[in-house]
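Read off the chains here:
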Amino acid sequence: MTSYDKTNIPLVTALELSVAIHDRYGFTSKSTSDRATDSGKESNLDAKGNPIPNSARLYRQLFPSAKVAESEREKFEITPEHVEMAREIRETLQGFSFKAIERELTNFEQQVLSVVNSDTITHKDLGRIASFPNVYERKISQDAWEERESELARNSEFVGEVLHRAEFDVVIENVRYLSRTESYLICASESGKNIIKFFVPERKLGDIAEGDTIKLTGYIKKQEVSKYHGGSETVINRVKFL
């Protein structure tokens, strides 16, 4: 196995390995629980039942422990698909530079650009590299939702009367997790056009997923024209699923 200098790791090598790990296990951070049962991925738990972060697997691939025999080390075959995906991820994330023309980049975007524009990285960058496939998937998903949201916004109208409770038949369009509040922002459509938004605590989300058609009741908190897409939104709370 190739031995790497911890201060001079080829970016492409690390990113291709990151893609292969993500392909097998999905994304696992230090706070992620095992999701293999519902994600179609292999279990990410170790022998003690603890989740193994992608960053740890990536580190072990680049700097295997001498205490573990070669035959017992986990192996990943880098396929042409992994190579192509790594290239696409790098090019997509390099696209953050175009945002600098429109606005000041966030610290996260600046850090990402610093890594993807380099030919080599250090071991301190492996945590970020391990997250790049997940960042890429989230960006592609968000781009698709923004396009769909703009489509809905063109014809969206307010639904119900403010400060009154109402019943809604909706299609779940987008589900976004907000770690700061440990809740989900749900964006739904009513009558195939009207935008309805509400929050659901993480513990109450259940098996609700994008594309589901559901019936619910909610208290209409406000109705406003979005400053982001210019469409009419109805915001509800005290949501009960029927």
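Before any of the text, the structure's been laid out above.
Anyway, here's the lowdown on the structure attached to this text.

Procedures and definitions
Residues numbered from 1 in each chain as written. Predicted model: local features only at pLDDT ≥ 70, side-chain atom pairs only at ≥ 80, totals over all residues. Heavy atoms only, no water. Helix = DSSP H or I, 4+ residues; strand = E, 2+ residues; numbered from the N terminus. Buried < 20%, exposed > 50% of the residue type's maximum accessible area, 1.4 Å probe, protein only. Salt bridge = Lys/Arg side-chain N within 4 Å of Asp/Glu carboxyl O.

## A closer look at unusual backbone geometry
Piece 1. One non-glycine residue, Glu-182, lies in positive phi territory at about 50°.
Piece 2. Mapped onto the fold, Glu-182 is located in the loop between strand E3 (165-178) and strand E4 (183-190).
Piece 3. The class for Glu-182 is exposed, based on a relative accessible area of 53%.
Piece 4. In this structure, Arg-238 takes a positive phi of about 50° despite not being glycine.
Piece 5. Following the sequence through the fold, Arg-238 ends up in strand E7 (residues 232-241).
Piece 6. Residue Arg-238 is classed as exposed on the basis of its relative accessible area, which comes to 57%.

## Examining the pattern of salt bridges
Piece 1. Following the criterion strictly, the structure yields 15 salt bridges and no others.
Piece 2. The partner of Asp-119 in a salt bridge is Arg-90, and the shortest N-O contact between them spans 3.7 Å. One end of the pair, Asp-119, is in the loop between helix H6 (107-116) and strand E2 (120-121); the other, Arg-90, is in helix H4 (residues 80-94), with 29 residues separating them in the sequence.
Piece 3. Its salt-bridge partner being Glu-151, residue Arg-148 comes within 3.2 Å of it at the nearest N-O pair. Of this pair, Arg-148 and Glu-151 both sit in helix H7 (residues 126-153), three residues apart, which is roughly one turn of that helix.
Piece 4. Owing to a relative accessible area of 39%, Glu-151 belongs among the partly exposed residues under this scheme.
Piece 5. Through salt bridges with shared partners, a single ionic network connects Arg-24, Arg-57 and Glu-74.

It is worth stressing that arrangement in space is one thing and function is another; only the former is reported here.
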